[in-house]
Amino acid sequence: IEPQHSGCYRKANVRLRKMKRPEIDVSAERLKMRNQIENEIEKVVTGCGFRRVKIDLEADEQVDDVRTAWNRTLQLYERTEIDED
């Protein structure tokens, strides 16, 4: 899961138009800037039966998240409940 800024949605619409597919709604009414989006994402994902996984950077160093080359937070999760259905 990676939060995206609004420019990514506009670029996605350009690609969708080229493929003659329906565009996504990127209006200000639908999308809003959230200061704590990573925390909001974590609440949703953990509420769906997942837990955060610590990331091993080196032999003795574990962190909750890392930053990508684009300075975005990378969070890893694993399923805690296995649905047998």
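Residues numbered from 1 in each chain as written. Predicted model: local features only at pLDDT ≥ 70, side-chain atom pairs only at ≥ 80, totals over all residues. Heavy atoms only, no water.

(A) Highlighting the overall build of the protein chain. Along the backbone of the protein chain there are two helices and six strands. Secondary structure elements in the protein chain, listed N-terminal to C-terminal, are α-α-β-β-β-β-β-β. Going through the 85 residues of the protein chain one by one, you find that 18% of them count as buried. Carbon and sulfur atoms make up 49% of the accessible area of the protein chain, which totals about 7400 Å². (Helix = DSSP H or I, 4+ residues; strand = E, 2+ residues; numbered from the N terminus. Buried < 20%, exposed > 50% of the residue type's maximum accessible area, 1.4 Å probe, protein only. Areas by Shrake-Rupley, 256 points an atom, 1.4 Å probe, with all protein chains shown as cover.)

(B) Quick peek at the pattern of salt bridges. Applying the stated criterion across every chain, the model contains three salt bridges. Across the pair E78 and R51 runs a salt bridge whose closest N-O atoms are separated by 2.3 Å. Of this pair, E78 sits in strand 6 (residues 76-79) while R51 sits in strand 1 (residues 50-53), placing them 27 residues apart in sequence. Residue E78 is classed as partly exposed on the basis of its relative accessible area of 33%. (Salt bridge = Lys/Arg side-chain N within 4 Å of Asp/Glu carboxyl O.)

(C) Broad picture of the environment of R79. Looking at the secondary structure, you find R79 in strand 6. In this structure, the C-alpha to C-alpha distance between R79 and R51, residues 28 residues apart in sequence, is 6.5 Å. Not counting residues within four places of it along the chain, the set of residues in contact with R79 comprises C48, G49 and F50. (Contact = heavy atoms within 4.5 Å.)

(D) Examining helix 1 (residues 6-18) more closely. Between the first and last C-alpha of helix 1 there are 19 Å, a value that for 13 residues agrees with the 18 Å anticipated at 1.5 Å per step. Residues of helix 1 that are buried: G7, A12, N13 and L16. A positive backbone phi angle near 60° is found at K20, which sits one or two residues after helix 1. (Expected span 1.5 Å × (residues − 1).)

(E) Local environment of the side chain of R52. Locating R52 in the fold gives a position in strand 1. Judged by relative accessible area, R52 falls into the buried class, the value being 17%. Side chain to side chain, R52 and E42 meet in a polar contact 3.1 Å long. (Polar contact = N/O pair within 3.5 Å; in protein donor to acceptor, adjacent residues only side chain to side chain.)

(F) Just unusual backbone geometry, in detail. The residue K20 is not glycine, and still its phi comes out positive at about 60°. Tracing the backbone through its elements, the reader meets K20 in the loop between helix 1 and helix 2 (37-47).

Shape descriptors only; they carry no functional weight alone.
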